[in-house]
Amino acid sequence: MDLYIYYRVHQDNADVLCKRVLHVQQQLRTQYGVASELKRRLEQKAGYHTWMEVYLNTPADFELALQKAIDAAELGHLMIDARHIEYFVGVNACA
């Protein structure tokens with residue numbers, strides 16, 4: 001399954017968040033072998049951007065490891081609201 005996580009970040013926290021998330025993603029790539037991306041919407045609203053983390057082909061225990069890594073990187077206070085987590089599967093896996 002592929003994991004998509006989105007949340008809002010005030011533009012003043014963007015650089016710090018970016019560096020910390022990329023570090024977390026590198027750790028998880030090494031530990032779990034998952035491909036990952038960090039994305040951000042172009043437009044900003046009321047001084048914030050929407051960010052998205054993408055993790056492809058995640059193992060069953062990945063979300064717990066991700067949450068531990070996010071907590072250790074102290075990312076929570078950089079976000080305006082909660083992280084929204086969604087899972088998707090390729091259409092060939094639906095059969």
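It should be noted that the structure appears before, not after, this text.
Structure report, in brief. (Residues numbered from 1 in each chain as written. Predicted model: local features only at pLDDT ≥ 70, side-chain atom pairs only at ≥ 80, totals over all residues. Heavy atoms only, no water.)

Structural notes on the pattern of salt bridges
Overall, the coordinates contain four salt bridges when judged by the stated rule. One salt bridge in this structure joins E37 and K39, with 3.0 Å as the shortest N-O distance. Measuring nitrogen to oxygen at the nearest pair gives 3.8 Å for the salt bridge that ties R41 to E43. (Salt bridge = Lys/Arg side-chain N within 4 Å of Asp/Glu carboxyl O.)

A look at the nonpolar core
Grouped together as the largest cluster of nonpolar side chains are 20 residues, with contacts concentrated most on Y7, L17, V24, Y55, F62, L66 and L75. Listing elements by their share of this core, those giving two or more residues are β1 (2-10), α1 (14-32), β3 (48-56) and α2 (62-72). If you tally residues by element for this core, the top one is α1, at five residues. Ignoring sequence-local partners within four residues, the contact set of Y55 consists of M1, D2, L3, I5, Q25, L28, V34, A35, S36, F62 and L66. (Core = buried A, V, L, I, M, F, W, Y, C linked by side-chain atoms within 4.5 Å. Buried < 20%, exposed > 50% of the residue type's maximum accessible area, 1.4 Å probe, protein only. Helix = DSSP H or I, 4+ residues; strand = E, 2+ residues; numbered from the N terminus. Contact = heavy atoms within 4.5 Å.)

Function cannot be inferred from these measures alone, as they are strictly geometric.
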